[in-house]
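Here is what each chain is made of, one letter per residue.
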Amino acid sequence: QVQLVESGGGLVQPGGSLRLSCAASGTIFSIYAMGWYRQGPGKQRDMVATITSGGSTNYADFVKGRFTISRDSAKNTVFLQMSSLKPEDTAVYYCYGNIFGRPGERRPYWGQGTPVTVSS
C-alpha cells in the first residue's frame, strides 16, 4: 500500500505565505505524478497544481503566479509554496499521487488533507 502524508497547513493572514509538504511512503515502484487539490467549504474538489516525474508542471488559473509546486524525487515528496494568499484560498488541501505500486499497476492515491485558512 501507499500512504500520502501532508503537513504545513494552518492559519495565515491575507497576503501571507505557507508551504505544504506531502511525503509518499509504502510500496512504491515509481511515481508518475503528484500534485495538490483543494476543496473549499461547500465547493467541489479542484486541481491546484501537478508535477510529473519528468518535472512538467500544471497550475490552475486561480493560482498561477502565486503558487509553486516542486518535488524531491529522492524522498518521494512534493511541495506547494503558496504566496500572496487570499481568503478565497481557504480550503482543505489534499495531496494526490498517481503511483505505480508495482510495475504496470498505476492508481491514484490521496492524502487525508491539511486545512489552510486565510483570514485576518
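Residues numbered from 1 in each chain as written. Predicted model: local features only at pLDDT ≥ 70, side-chain atom pairs only at ≥ 80, totals over all residues. Heavy atoms only, no water.

Trainee: Mind showing me how you'd approach the state of the cysteines here?
Mentor: Here is the idea: a disulfide is a covalent bond, and it sits between the sulfur atoms of two cysteines. Under the defined criterion, the tally for this structure stands at one disulfide. Between the sulfur atoms of cysteine 22 and its disulfide mate cysteine 95 the distance is 2.0 Å. Taking the sign of the torsion about the S-S bond as the criterion, the disulfide between cysteine 22 and cysteine 95, at about -85 degrees, is left-handed. Highlighted residues: cysteine 22 in strand S3 (residues 18–26) and cysteine 95 in strand S9 (residues 91–102), separated in sequence by 73 residues. Using a relative accessible area of 0% as the deciding quantity, one classes cysteine 22 as buried. (Disulfide = S-S within 2.5 Å. Helix = DSSP H or I, 4+ residues; strand = E, 2+ residues; numbered from the N terminus. Buried < 20%, exposed > 50% of the residue type's maximum accessible area, 1.4 Å probe, protein only.)

Trainee: Please clarify how the nonpolar core should be interpreted in this entry.
Mentor: Side chains that are nonpolar tend, in soluble globular proteins, to be buried together. Formed by 29 residues in total, the largest nonpolar core has its most connected members in Leu4, Trp36, Leu80, Met82 and Tyr93. Beyond its immediate sequence surroundings of up to four residues, leucine 80 is in contact with Leu18, Arg19, Leu20, Trp36, Val48, Ala49, Phe67, Thr68, Ile69 and Tyr93. (Core = buried A, V, L, I, M, F, W, Y, C linked by side-chain atoms within 4.5 Å. Contact = heavy atoms within 4.5 Å.)

Functional significance is not addressed by these values, which are geometric in nature.
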